Amino acid sequence: MVKNYAEEFRADLQEFREITKKFYNKELTVAEYKGFSGGFGSYAQRGGECGMLRLRLCGGRITKDYLDFIVNSIDKYKIPRTHITTCQSIQLHDLSADTICSLIEEAWDHGIITRGGGGDFPRNVMATPLTGVAKNETFDITPYANAAADYLLGFIKTVKLPRKLKVCFSNTPDNFPHATFRDLGFVATAEGKFDVYSAGGLGLSPKMGVLVAKGAEPSHVLYYIKAMVNTFTSYGNYEHRGKARTRFMQDSLGPEGYVKAYQEKLADVFESESLDLTITPVAINKTGSGTLSNPRVIEQKQPGLYAVSYHPIGGNLSASTLRNLRDAMLQMDDVEIR
């Protein structure tokens, strides 16, 4: 991360501990706790006897260090359930109050910030899993997704959003991670730029995002994010939570009206802010030898290197599977899970 958000948010943990212990001592209702704890990436599970913690993993990337931390935490706290989310996060389930309070700080110490993992905040930034290694990709979107994730954390304590905000990046027009129906989506084009989609989403009254910009310069990604935040806070519904997601602005403003409102905010941001990104792509110099052929094996654009696809049933990962993956990865150089 560019900024040390673990230190910036650390003072918040004392209040989190106090409120969490109050809830598990039955001094707060589930609704009262949910409104607070979600902002830290934690929710009580059904019955209110235990809870979960959601780890923010930009683009779903799990490095060897992250995986080692997760496996060691599962062993240390005897965590029985681990779940992969549709937004490329990992959730640890069936946690006691003491475990949640200890684990959240330990995660932050390892660079895994859970702040804003739930609640009305910018959520985990999503990206195409095989970005940087896919043979057909336009360009590697990883550094732009990382910059966006870092920038969005800065809004957690400074801006009150009507509801959550999800941002997604696709490395090809194929749009594997469905960037076109997120709150804000960046789809890489053949020209090495981004088409930008906004105010989409599933759930009640699902909508495809509307195209708000074509051929956006990758170095301008943060301008489009700030315009999204400003549009959402200006036109989002703060009165009715059921209609507070960004897609409902297509109803209140009309699709064309929404595009006009967004582009006005974008022009204001370009005029008043300096948010240009200077990205130096990190080349993958690793190569391999030999060939593999299997329905679950994907040939990378790097010669002799492959990715392996694994689909855990229901997104649920067993401790033994994670441990086996960790042990295998620790023997390899420059390898990660997405």
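Residues numbered from 1 in each chain as written. Predicted model: local features only at pLDDT ≥ 70, side-chain atom pairs only at ≥ 80, totals over all residues. Heavy atoms only, no water.

### Quick look at the packing of aromatic side chains
Which entries qualify depends on this criterion: By convention, a stacked pair of Phe, Tyr or Trp rings (six-membered ring in the case of Trp) has centres within 6.5 Å and planes under 30 degrees apart, an edge-to-face pair has planes over 60 apart, and any other such pair is tilted. Only protein chains enter the calculation, and the probe is 1.4 Å; a residue is then buried if its accessible area is under 20% of its type maximum, exposed if over 50%, and partly exposed in between. In DSSP terms, a helix is any run of H or I states spanning at least four residues, a strand is any run of E spanning at least two, and both are numbered starting from the N terminus. A positively charged side chain is recorded as over a ring if its NZ (Lys) or CZ (Arg) lies within 6 Å of the ring centre. The angle to the ring normal must also be within 35 degrees.
Considering all chains together, one arrives at 19 aromatic pairs under this definition. Centre to centre, the rings of F23 and Y24 are 4.9 Å apart; their planes meet at 80 degrees, and the pair counts as edge-to-face. Exposure class is identical for F23 and Y24. Each is buried. Pairing F23 with Y33 gives two aromatic rings, centres 4.5 Å apart and planes at 5 degrees, and the pair type is stacked. Of this pair, F23 sits in helix α2 (residues 12-24) while Y33 sits in helix α3 (residues 30-37), and the two are ten residues apart along the sequence. With respect to class, F23 is no different from Y33; both count as buried. Every member of this aromatic cluster is reached through a ring pair, and the members are F139, Y144, F169, F186, F194, Y223, Y224 and F270. Between the NZ or CZ atom of R115 and the centre of the ring of F121, over which it lies, the distance is 6.0 Å.

### A few points about α2
Cut-off, in case you're wondering: To estimate how far a helix should extend, the number of its residues minus one is multiplied by 1.5 Å. To obtain the arc, one takes the directions from the helix axis to the C-beta atoms. Throughout, a contact is declared for two residues whenever any of their heavy atoms are within 4.5 Å.
Along its 13 residues, α2 runs 19 Å from first to last C-alpha, staying within 8% of the 18 Å computed at 1.5 Å per residue. Those residues of α2 that fall on the buried side of the exposure criterion are D12, L13, F16, I19, T20, F23 and Y24. Across the axial projection of α2, the buried residues extend over an arc of 130 degrees, all falling on one side. Along its buried surface, α2 packs onto α1 (5-10), α3, β1 (42-44), β2 (51-55) and α5 (97-109). Positive backbone phi, approximately 70 degrees, marks K26, located one or two places after α2.

### Overview of the sheet that holds strand β12 (residues 316-317)
Our working definition: We treat two strands as partners when DSSP finds at least two bridges between them.
Taken in spatial order, the five strands line up as β1-β2-β4-β3-β12 in an open sheet, and their pairing is antiparallel. This sheet does not close on itself; its edge strands, each paired only once, are β1 and β12. Examined bridge by bridge, β1 and β2 share three bridges and lie antiparallel to one another. Counterpart to A44 in the pairing with β2 is G51.

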